[in-house]
Amino acid sequence: WLAAKRRKGNRHGFFCAFLWLAAKRHKGPAVNMNNPRVYIAGYDSQVSCFSLDVAACRLALLSTSTAGTKPTYMARHPGGRALYALDEAKPGRIGAFAIDARDGRLTRLGETVSSAGDGPCHLSVHPGGRWVFTANYVSGTIGVLPVLPDGRVGEPRAQHAPGRNAHQILCDASGRHLFVPCLGS
């Protein structure tokens, strides 16, 4: 299947293969590899959930949810129970959402919280699901936010300035180390 989708110039096939591989690497609850879910957001108030038909390489809309003023980068809790989304409003905010198992619809969990800086551009979730990490490009700060028992995100417990223009934040598989590239530092 993958070889057939990688024909020269077949960007649609590459995208489909990328989504399939991303779903396959997921370490949370079982993902239906025939129809994994795809969440798409981009500078309007909506997050759309699609089912990916792997065989046909087609997306089918399942649901659309309101997720803030400008939801952008998203990350799913490793247990599959929640999705976290950056809101690029000023100042930066993080929203937590429960995921409806039937259609992927998102329901806000509490209020949004500070991203610990301005210009949030990336977030990730600790492999054990205990923390949400944020990178804020404009302020150059990173934030460490606790995940509460109900899936909500608490106010930042730590804020650091590792350099100018922090633009990504990733935790290693052990959960003991964070990696933060900073453009221009």
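Residues numbered from 1 in each chain as written. Predicted model: local features only at pLDDT ≥ 70, side-chain atom pairs only at ≥ 80, totals over all residues. Heavy atoms only, no water.

Quick notes on the sheet that holds strand β9 (residues 120-125)
Okay, so step 1: The strand order across the open sheet formed by four strands is β9-β10-β11-β12, and the pairing between neighbours is antiparallel. The strands lining the two open edges of the sheet, one partner per strand, are β9 and β12 (158-160). Ignoring strand direction, the axes of neighbouring strands in this sheet form an average angle of 15°.
Okay, so step 2: Of the strand pairs in this sheet, strand β10 (residues 131-136) and strand β11 (residues 141-146) are connected by six bridges, and their pairing is antiparallel. Along β11, the bridge assignment pairs V132 with L145. (Pairing = 2+ DSSP bridges. Helix = DSSP H or I, 4+ residues; strand = E, 2+ residues; numbered from the N terminus. Axes fitted to C-alpha atoms, helices over the stretch in contact; angles between N-to-C directions.)

What about unusual backbone geometry?
Okay, so step 1: If you check the backbone angles, C57 has positive phi at about 55° while not being a glycine.
Okay, so step 2: Looking at the secondary structure, you find C57 in the loop between β2 (46-53) and β3 (58-66).
Okay, so step 3: In this structure, N165 is a non-glycine residue whose phi angle is positive, near 55°.
Okay, so step 4: Relative to the helices and strands, N165 resides in the loop between β12 and β13 (170-171).

Here we look at the confidence of the model for the chain
Okay, so step 1: For the chain, per-residue confidence averages 83 on the pLDDT scale, and 81% of positions sit at 70 or higher.
Okay, so step 2: Note that residues 1-15 has pLDDT below 50 and, in this model, 15 contacts with residues that lie over four places away or in other chains. (pLDDT = per-residue confidence, 0-100. Contact = heavy atoms within 4.5 Å.)

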